[in-house]
Amino acid sequence: MLKISEISSKFPICHGRVTLRLFKENDIQDNYISWLNDPDVVKYSNQRFISHTKETSLSFLNSIKNSQAIFLAITDRDTKEVFGTMTVYFSLDHNTADIGIMLGDKSYWNKGLGAEAWQLLMDFLLKKLSIRKVTGGTLSCNTGMMRIFEKVGMIPDGIRIDQELLDGKPYDIVYFAKFKK
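Residues numbered from 1 in each chain as written. Predicted model: local features only at pLDDT ≥ 70, side-chain atom pairs only at ≥ 80, totals over all residues. Heavy atoms only, no water.

Peer 1: What should I look at first to understand the overall build of the protein in this one?
Peer 2: Looking only at helices and strands, the protein has 5 helices and 8 strands in total. Going from the N terminus to the C terminus, the protein shows its helices and strands as α-β-β-α-α-β-β-β-α-β-α-β-β. The C-alpha atoms of the protein give 16 Å as radius of gyration, which agrees with the globular expectation for 181 residues (16 Å, within 12%). On the principal axes, the C-alpha backbone points of the protein span a range of 45 × 40 × 30 Å. In the protein, the share of contacts with a sequence separation of at least 24, taken over all contacts with a separation of at least 6, comes to 60%. Accessible surface computed for the protein: about 9,800 Å², of which carbon and sulfur atoms make up 51%. Taking the average place of the 24 positive charges on the side chains of the protein and the average place of its 21 negative ones, the gap between the two points comes to 7 Å. (Helix = DSSP H or I, 4+ residues; strand = E, 2+ residues; numbered from the N terminus. Rg over C-alpha atoms; globule rule 2.2 N^0.38 Å. Contact = heavy atoms within 4.5 Å. Areas by Shrake-Rupley, 256 points an atom, 1.4 Å probe, with all protein chains shown as cover. Lys, Arg positive; Asp, Glu negative; His and termini not counted. Charge placed at Lys NZ, Arg CZ, Asp CG, Glu CD.)

This is the structure:
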């Protein structure tokens, strides 16, 4: 069975316009914290309920280091600028992984980079690490994330009806999956 330390040692990975590398403590800069506190960036995330600081960000990073998860920086392959993050929560006993993504720098929105980063990580997990199943989920009203799931060929994997409130209105959480071939 894989170990998180073995998985972590395989980064960075690159393809197309993006590089995925391990998120480091010195990535916790004012711009990163501002993303976490930007209502547009975290609109569909439960991060919107937290007031983020350098300390809360460092606490999160340390919690990841002591779990079956990895935290990645999404960087522009050419400029090396960090414009987002991804998480992977593993269930190594079941050989599954659940991905999350945040594109924090709005100047990188609507350019297909979220799908590119998602595809890169998903393919890495399925093909290079032989993870059996990769999953992701979002609120049903998050059309950008729904397009990513469709674009990368994930299939529906479940619905939690009226699970979370956004602006006082209940929305489903929809889950998607891709299996190792």
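Continuing now.
Peer 1: Whenever I open this one, the pairing of strand 3 (residues 69-76) confuses me. Can you help?
Peer 2: On a regular strand, each side chain points to the face opposite its neighbour's, so the side chains alternate between the two faces of the sheet. By the criterion of burial, strand 3 is predominantly enclosed, with 8 of the 8 residues buried. Of the two faces of strand 3, the one holding Ala69, Phe71, Ala73 and Thr75 and the one holding Ile70, Leu72, Ile74 and Asp76 are both buried throughout. Note: strand 2 (residues 18-22) against strand 3, 5 bridges, orientation antiparallel. Following the sheet pairing, Arg21 is matched in strand 3 by Ala73. (Buried < 20%, exposed > 50% of the residue type's maximum accessible area, 1.4 Å probe, protein only. Pairing = 2+ DSSP bridges.)

Peer 1: Whenever I open this one, the environment of Phe124 confuses me. Can you help?
Peer 2: Topologically, Phe124 is positioned in helix 4 (residues 113-128). When its relative accessible area of 8% is taken as the criterion, Phe124 is described as buried. Every residue in contact with Phe124, bar those within four places of it in the chain, is listed here: Lys10, Phe11, Ile13 and Leu129.

Peer 1: Sorry if this is basic, but what is going on with the environment of Gly137 here?
Peer 2: Along the polypeptide, Gly137 turns up in strand 6 (residues 133-139). Apart from the residues within four sequence positions on either side, Gly137 is in contact with Phe149, Val174 and Tyr175.

Peer 1: Is there a simple way to think about the nonpolar core in this case?
Peer 2: Looking at soluble globular proteins, one finds that nonpolar side chains tend to be buried together. Core analysis: the largest hydrophobic core is formed by 38 residues, its most contacted members being Phe11, Leu20, Met86, Phe90, Trp118, Leu121 and Leu125. Mapped by element, the contributors of at least two residues to this core are helix 1 (4-8), strand 2, strand 3, strand 4 (82-91), strand 5 (96-103), helix 4, helix 5 (143-151) and strand 8 (169-179). Here the element with the most residues in this core is helix 4; it accounts for 10 residues. Listed in part, the 15 residues of the second largest apolar core include Trp35, Leu36, Val42 and Ala73. (Core = buried A, V, L, I, M, F, W, Y, C linked by side-chain atoms within 4.5 Å.)

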